[in-house]
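# Per-entry structural report
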Number of protein chains: 2
Amino acid sequence: MTASTPRSRHSRTAATPTTAPEDVVLPGKATINDIARLTGVSKKTVSRVINNSPLVHPETREKVLALMKQLGYVPDPQARGLAFRRSFLIGLVYDNPTAQFIVNMQYGALDALRDSGYELVVHPCDSSKDDYIDGVRRFAQQQKLHGVILIPRVSEDEQLATALREIGVRYVRIASIPLDEAASMVVTHDRQAGSEAANYLESLGHRNIGLITGPRRYRSTIERGGGFLSGLDARGIELSPDYIYEGGYTFDSGVAGAEYLLAKSPRPTAIFACNDEMAAGVYKAAMRRGLSIPGDLSVVGYDDSPLASQLWPALTTIHSPIRDLGHMAAQMLLSDDPSPTGAVASPRTVTPRLVVRDSSQRPKG
Amino acid sequence: MTASTPRSRHSRTAATPTTAPEDVVLPGKATINDIARLTGVSKKTVSRVINNSPLVHPETREKVLALMKQLGYVPDPQARGLAFRRSFLIGLVYDNPTAQFIVNMQYGALDALRDSGYELVVHPCDSSKDDYIDGVRRFAQQQKLHGVILIPRVSEDEQLATALREIGVRYVRIASIPLDEAASMVVTHDRQAGSEAANYLESLGHRNIGLITGPRRYRSTIERGGGFLSGLDARGIELSPDYIYEGGYTFDSGVAGAEYLLAKSPRPTAIFACNDEMAAGVYKAAMRRGLSIPGDLSVVGYDDSPLASQLWPALTTIHSPIRDLGHMAAQMLLSDDPSPTGAVASPRTVTPRLVVRDSSQRPKG
DNA sequence: CTGAAAGCGCTTACAG
DNA sequence: CTGAAAGCGCTTACAG
């Protein structure tokens, strides 16, 4: 039945009698040879059309394009890949962020790849094992990837970037500071966002504040936490190191961090957790102690994952446009212009914004 | 500096004089021709070794294998794919389950693909759009996928399965009942698990129970909910339709369902939610009403996602081994034996188990 | 057990 | 603007 649609389309008025008599058989099975033969040009010309070469007469192009459409022809990515010496696959390399983060990133990348002929291949890895770079290298090399998207924490690994550069694989790194040339970076201004959280809590009147950071080896920790601290500092609030807890971006570490902070005297009236998972842990610890949120304790998270609006009360947090980041990264990889034009001196950046919900208010006292 | 590592590796002790003089150049760039030439056999023989053909003299095989290892040769998947007329890619097709579910499924599938030379390509889709089957078909066809893994709800779509069968693409469907021949199915005994939840709550002494199901169009809804109801029934408890709420497997629908059920009189002393997200919604509704869990209300979920242990109190739930399911499905796709041997009459099955945590106890009265 | 020829569906030089 | 030849790195028949 799919045959009828194209058929009706080319029931044109006695024109182009040279085309397909009854060659219109199995859709999706046509090759470049069929297109060339039926259209009366050479393979090479068809190839030029496929690759958008300007060196094709408009009329020729139209004719070829028309037949391709009619036959539902799509060039075989494998054959093209073999000839091109690279594939039409984009790799997504990551090391154990939260499920929501991964999935959003994937959706974002796929948004950009839709109808491009490129597909997304996922490659989780364990950056704590020292042969993980080999693993990524083999992955990229064997699959002859068109490019890879690197997200924190692997995006922060200079050695990985170097290894990829050496084998000539394009990459885009998503990170909270510019670590590479502009053409290979998407930067999230985590520092500025952290500072915004600080301003917000200060403006509510909080003076006694606790901070739960991520692991020290994450760049985002330095940016989010550092931005928060310098934001407070700019408003004349100095946060004692006692009130800073190094978490692990996990729920459990959020619980532990809150247990620690809430046992302090004076007890903080607000806690900024550097991701939502840890903020959820803070909720648990607060509840266990019979503290109400936001009555006794204001909580601010980071990420704005679905979790944030599912907590009760709904979590005030920093919205990180993860999906957009994935979109941008994939798009950069697809753009035909890999040459680092001096024109694009500054890397693409995104600034997360504060979303105020119900977990924060003025302190009681 | 990475150059030094491989260099030291092949500074061999004057051995293997017949092999590569100084042909050992760029690792990963050797081709079947190099192997054939340096080893003194034909391409075809090397090809036989690659494909584990028994028609190779053991000594020849050893010789070839040794050189391949020495040169770090790996056959080009693209070239093999072109000749084989299929790729070494496995597709994962899904329609918007929770992030945790997707990610676990991906990890499971990747567990099975590790070092197999196959890669995982993700393909989310929207089964509510009527052209989604076309999308999946094009995806599978253009990429010449080796096979696809279908997870609920798309796994339950007979039309999708038919479309895939028509274009000759292998698939494995993960679903809660056997919908296809054994070789294409992984079955989760959701019914039995639902029934286990019922037995548990009954044994605690609950008589007044609420049920929040998934959307009717999901097969899992019928199995989980139906299993629960028949489990209660077997123990002499009849659940009035008033106490059944059709949710949407989302957090918000869990809230709505609980609002509905908790307004009933008599108020249920226990609620079974057909996934953890909805159970989390029940928590929110209960808290808003000032009801304590499990004091005033016992809650049982389904999935055992990380969320379950992050809620407070920790959620009693049914553990669904999602990662294992992904593993099994991918493994089935890789197994060389696509022929449905009558021997394997029954499909692979997995039975989720109850995990008792802190959200359930005997009713107060 | 082994190999020479042809082909998978495209593209790259090289000519015109 | 267009094309004939050779090649990308493998495999399938077909012989032996």
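Residues numbered from 1 in each chain as written. Chains lettered and ligands numbered in written order. Predicted model: local features only at pLDDT ≥ 70, side-chain atom pairs only at ≥ 80, totals over all residues. Heavy atoms only, no water.

Turning our attention to the relation of the copies chain B and chain A. Screw-axis analysis of chain B against chain A gives a translation of 0.0 Å along the axis, an RMSD of 0.1 Å, and a rotation angle of 180 degrees. Within this description, the copies of the chain are treated as partners about a two-fold rotation axis. Closest approach to the rotation axis among the C-alpha atoms of chain B is made by Val121 of chain B, whose C-alpha sits 2.3 Å away. Mapped onto chain A, 93% of the interface residues of chain B are again interface residues, and the two copies thus contact each other with one and the same surface. (Least-squares fit on C-alpha atoms with pLDDT ≥ 70 in both. Contact = heavy atoms within 4.5 Å.)

A few words now on the interface of chain B and chain A. Taken together, the contacts link 41 residues of chain B with 40 residues of chain A. Taking both partners together, chain B and chain A bury about 3800 Å²; carbon and sulfur atoms supply 60% of that area. Considering only the surface of chain B that becomes buried against chain A, Gln78, Gln310 and Trp312 of chain B emerge as the three largest contributors, covering 19% of it. At the surface where chain B touches chain A, the tally comes to 2 salt bridges. (Buried area = accessible area lost by both parts, 1.4 Å probe. Salt bridge = Lys/Arg side-chain N within 4 Å of Asp/Glu carboxyl O.)

Close contacts around DNA strand D come from 28 residues, with Thr60 of chain A together with Ile32, Lys43, Lys44 and Ser47 of chain B the closest. Protein-adjacent atoms of DNA strand D, using a 4 Å cutoff, are sugar or phosphate at a proportion of 65%. With respect to DNA strand D, the side chain of Arg48 of chain A contributes an N or O atom lying 2.7 Å from a base oxygen. Between DNA strand D and Asp76 of chain B there is a distance of 3.0 Å, counted from a phosphate oxygen to a backbone nitrogen or oxygen. Those elements that place two or more of their residues in the surface near DNA strand D are α3 (43-50) and α5 (77-84) of chain A together with α3 (43-50) and α5 (77-84) of chain B. Here the surface near DNA strand D gets 5 residues from one element, more than from any other, and that element is α5 of chain B. (Near = heavy atom within 4 Å. Polar contact = N/O pair within 3.5 Å; in protein donor to acceptor, adjacent residues only side chain to side chain. Helix = DSSP H or I, 4+ residues; strand = E, 2+ residues; numbered from the N terminus.)

What follows covers the packing of aromatic side chains. Residue and element names in this part refer to chain A. Inspection of the entire model under this criterion finds 10 aromatic pairs over all chains. Taken together, the ring pairs connect Phe84, Phe88 and Tyr118 into an aromatic cluster. Of note, Arg86 hangs over the ring of Phe88, and the distance from its end group to the ring centre comes to 4.8 Å. (Phe/Tyr/Trp six-rings, centres within 6.5 Å; stacked < 30°, edge-to-face > 60°. Lys NZ or Arg CZ within 6 Å of the ring centre and 35° of its normal.)

Before going further, it helps to spend a moment on the protein's contact with DNA strand C. For DNA strand C, the set of nearby residues contains 28 residues, the closest of which are Ile32, Lys43, Lys44 and Ser47 of chain A together with Thr45 of chain B. Among atoms of DNA strand C positioned within 4 Å of the protein, sugar and phosphate together represent 64%. With respect to DNA strand C, the side chain of Arg80 of chain A contributes an N or O atom lying 3.1 Å from a phosphate oxygen. A distance of 2.8 Å is found between a phosphate oxygen of DNA strand C and a backbone nitrogen or oxygen belonging to His57 of chain B. Of all the secondary structure elements, the ones that give two or more residues to the surface near DNA strand C are α3 and α5 of chain A together with α3 and α5 of chain B. With 5 residues, α5 of chain A is the single largest residue contributor to the surface near DNA strand C.

Below, the discussion takes up the pairing of strand β2 (residues 119-124) of chain A. Along any regular strand, the residues point their side chains to alternate faces of the sheet. Counted residue by residue, β2 of chain A has 6 buried out of 6 residues, so it is predominantly covered. On the question of chirality, the crossover connecting strand β1 (residues 89-94) of chain A to the parallel β2 of chain A by way of helix α6 (residues 99-113) of chain A is right-handed. (Buried < 20%, exposed > 50% of the residue type's maximum accessible area, 1.4 Å probe, protein only. Right-handed = clockwise from strand over helix to strand, strands pointing away.)

With that settled, consider the sheet that holds strand β6 (residues 209-213) of chain A. Residues and elements named next belong to chain A. The parallel open sheet is built from 4 strands, whose spatial order is β7-β6-β8-β9. The two strands at the open ends of the sheet, each matched to only one other strand, are β7 (244-246) and β9 (298-300). Ignoring strand direction, the axes of neighbouring strands in this sheet form an average angle of 15 degrees. Where strand β8 (residues 270-273) and β9 come together, 3 bridges link them in parallel fashion. If you follow Ala270 over to β9, its bridge partner there is Ser298. Contacts from helix α10 (residues 219-234) reach β6, β7 and β8, with the element oriented near 165 degrees to β6. (Pairing = 2+ DSSP bridges. Axes fitted to C-alpha atoms, helices over the stretch in contact; angles between N-to-C directions.)

Throughout the structure, instances matching the rule amount to 38 salt bridges over all chains. A salt bridge links Asp34 of chain B to Arg37 of chain B; its shortest N-O distance comes to 2.8 Å. Here Arg37 of chain B and Asp34 of chain B lie together in helix α2 (residues 32-39), a separation of 3 residues that amounts to about one turn. Judged by its relative accessible area of 48%, Arg37 of chain B is partly exposed. Among the charged side chains, a salt-bridge network with shared partners connects Glu158, Arg165, Arg173 and Asp180 of chain A.

Time to look at the sheet that holds strand β8 (residues 270-273) of chain B. All names here are of chain B. Strands sit in the order β7-β6-β8-β9-β10-β12 across an open sheet of 6 strands; the sheet is mixed. Lying at the two open borders of the sheet, with one neighbouring strand each, are β7 (244-246) and β12 (353-355). Shown here is a sheet whose adjacent strand axes are inclined to one another by a mean of 20 degrees, direction ignored. Both strand β6 (residues 209-213) and β8 contribute to a ladder of 4 bridges, which runs parallel. Paired with Gly210 across the strands is Ile271, a residue of β8. In the packing of helix α10 (residues 219-234) onto the sheet, the strands contacted are β6, β7, β8 and β9 (298-303), and the crossing angle to β6 comes to about 165 degrees.

Let us now look at unusual backbone geometry. With an omega of 0 degrees, the peptide bond between Ser265 of chain B and Pro266 of chain B qualifies as cis. For Pro266 of chain B, the location among the structural elements is in the loop between α11 (251-262) and β8. Residue Pro294 of chain B is bonded to the preceding Ile293 of chain B through a cis peptide linkage, with omega at 5 degrees. By secondary structure assignment, the location of Pro294 of chain B is in the loop between α12 (276-288) and β9. In this structure, Asp115 of chain A takes a positive phi of about 60 degrees despite not being glycine.

Our focus in this paragraph is the side chain of Ser176 of chain B. All names here are of chain B. With respect to the secondary-structure elements, Ser176 resides in the loop between β4 (171-175) and β5 (185-188). On the basis of relative accessible area, Ser176 is assigned to the buried category, the value being 6%. Residue contacts for Ser176: discarding those within four places in its chain leaves Val187, Thr188, Asp190, Arg219, Ser220 and Glu223.

Core analysis: the biggest nonpolar cluster contains 90 residues, and Phe228 of chain A together with Phe228 of chain B have the highest contact counts within it. Phe228 of chain A has contacts with Gly194, Ser195, Ala197, Ala198, Leu201, Ile209, Leu211, Leu239 and Phe272 of chain A, leaving out every residue within four places of it along the chain. With 61 residues, the next largest nonpolar core counts Ile90 of chain A together with Val103, Ile174 and Val186 of chain B among its residues. (Core = buried A, V, L, I, M, F, W, Y, C linked by side-chain atoms within 4.5 Å.)

Once that is clear, we can look at the environment of Leu325 of chain A. Residue and element names in this part refer to chain A. Structurally, Leu325 can be placed in helix α14 (residues 322-334). For Leu325, a relative accessible area of 3% gives the class buried. When the C-alpha atoms of Leu325 and Val186 are compared, they prove to be 7.2 Å apart, with 139 residues separating the residues in sequence. Excluding its chain neighbours within four sequence positions, the residues that come into contact with Leu325 are Met105, Ile174, Val186, Thr188 and Val350.

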